[in-house]
Every structure is written in structure tokens, then in C-alpha cells.
Amino acid sequence: MAKIGEAVREVVRTEIVIDEFRMRGKGMSLDDLKKIKKGLHKLHTLELMAQTIYRFQIGGSDAELDRHLIVAMCNEMSHYQDFQVKLYEYGWSPSCIRWMYWIVGFCFGLFSKIFGKKMILRTGIWTESLAVKGFGELLEEVNWDDETCKIIEKNWADEKVHVARWKYLLQAYK
């Protein structure tokens, strides 16, 4: 990864074409489908929490930090959409308890903002590190179809970039 602030073309939201959408799950075992559903629900709700954290951290006195938070929020919103699409492609709906993750994201976002830039960055490092770990575990534990696996791997790589960004910025504020 290039250093933060260097001129680099980093894709925040990827293009999706209509041919990439299809109904999934036919011919898969019930055990695999159960694991996929549980995994997609977990990823979808955690992305809701992440985008909500960033949404409520934006608006401080540091315009450059706000810019990074907006980029991160936008990227997490695209992840959220990725997993929502996959849920529907498998014939499922988002979790009925996802609103709780919105509340948790609101609390983490608002309270870290109240405590300042360093707490915003530490919250980002902590939550994105948990996401990196969770993505890795789900990639190992679940028998994903190839297209869904590629999306999870791409989003996992994005989360690793977020951790590196927040660590870099935290060092810059010390």
C-alpha cells in the first residue's frame, strides 16, 4: 500500500454489471447453505455497524480525517450492498436483528468522536482488525461459491487497507 497522502488510485467502490447477478444455492448441501446464510448475515450486519460508526465520526474539526472517514464509510456501504445482494441471490433476507448493529455502530461512532481524533482512529483500528479476523475465519470455515468468495476476499483486502490507514494516521497524530 502506498503511504497515506501519496497520489495513488485506490478503488473505493467497484463496478457491477448485470451479468454478475444470478440466483445461487441450487444443488448445494443444506449444511453448506446454512453456513453460507449465517456467514452472509454476519458480514452484512457487521458492515452496517462499520458504516454507521464512520457516519457518526464524521464532522469534526479535521477536514482531512473527515475525508478519510467519508471514503471508509463509502467503502463499507459498498460491502454492505455486496452482502445484501448475495443474501437475496440465495433467496434470503437480511437479518431481522440488524438494527441492533446500527445502534452499536451509532454508539461507537458518537462516543469515539466525543473523545477525539485518537479515539476515532483507535476505534477504527479495533473494529477493522476484528473484521479482518472475522473475514479470514469465514473464508476458511464456509464453502462459498466462487463469485461470492471473490467478493469476500476483495472486501477482506479493503478491511486490511483500513487498518493500515488508521494506524498510519494515528502515528501522524502522535
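Small disclaimer: the values here were computed from a predicted structure and weren't measured.

A.B. asks: Just give me the short version of the state of the cysteines, but keep the residues and values in it.
C.D. replies: In this structure the tally under the stated criterion is zero disulfides. Free cysteine C96: the closest other cysteine sulfur is in C107, separated by 20 Å. By relative accessible area, which is 67% here, C96 ends up exposed. The class for C107 is partly exposed, based on a relative accessible area of 31%.

A.B. asks: Could you give an account of the packing of aromatic side chains, with specific residues and numbers?
C.D. replies: Tallied over the full model, the rule gives seven aromatic pairs. Measuring from centroid to centroid gives 6.1 Å for F83 and F135, while their planes differ by 55 degrees, and the two rings are tilted. Placement of F83 in helix α2 (residues 63-89) and of F135 in helix α4 (residues 117-141) is noted, with a sequence separation of 52 residues between them. The buried category is assigned to F135, whose relative accessible area is 3%. In this structure an aromatic cluster arises from ring pairing among F56, W102 and F106.

A.B. asks: So what's going on with the packing of helix α1 (residues 30-57) against α4? Which residues, and what values?
C.D. replies: Packed helix pairs are characterised by how far apart their axes lie and by the angle those axes make with each other. Across the interface, α1 lies against α4 with an axial gap of 11 Å and an inter-helix angle of 165 degrees. Viewed along their axes, α1 and α4 adopt a mutual orientation that is roughly antiparallel. As α1 runs across α4, the sense of the crossing is left-handed. From α1, K35, G39, K42, L43, E47, I53, Y54 and Q57 reach across to α4, where they touch I120, T123, G124, T127, E128, F135, L138 and E141.

A.B. asks: Give a description of the side chain of E76 that names residues and reports values.
C.D. replies: With respect to the helices and strands, the residue E76 is situated in helix α2. In this structure E76 is buried but unpaired, with R165 as the nearest side chain of opposite charge at 8.4 Å. For E76, the residues in contact, after removing those within four places along its chain, are E47, A50, Q51, Y54, E128, E159 and H162.

Conventions adopted
Residues numbered from 1 in each chain as written. Predicted model: local features only at pLDDT ≥ 70, side-chain atom pairs only at ≥ 80, totals over all residues. Heavy atoms only, no water. Disulfide = S-S within 2.5 Å. Buried < 20%, exposed > 50% of the residue type's maximum accessible area, 1.4 Å probe, protein only. Phe/Tyr/Trp six-rings, centres within 6.5 Å; stacked < 30°, edge-to-face > 60°. Helix = DSSP H or I, 4+ residues; strand = E, 2+ residues; numbered from the N terminus. Axes fitted to C-alpha atoms, helices over the stretch in contact; angles between N-to-C directions. Parallel < 35°, antiparallel > 145°, perpendicular 65-115°, else oblique. Left-handed = near helix turned anticlockwise from the far one by under 90°. Contact = heavy atoms within 4.5 Å. Lys, Arg positive; Asp, Glu negative; His and termini not counted. Salt bridge = Lys/Arg side-chain N within 4 Å of Asp/Glu carboxyl O.

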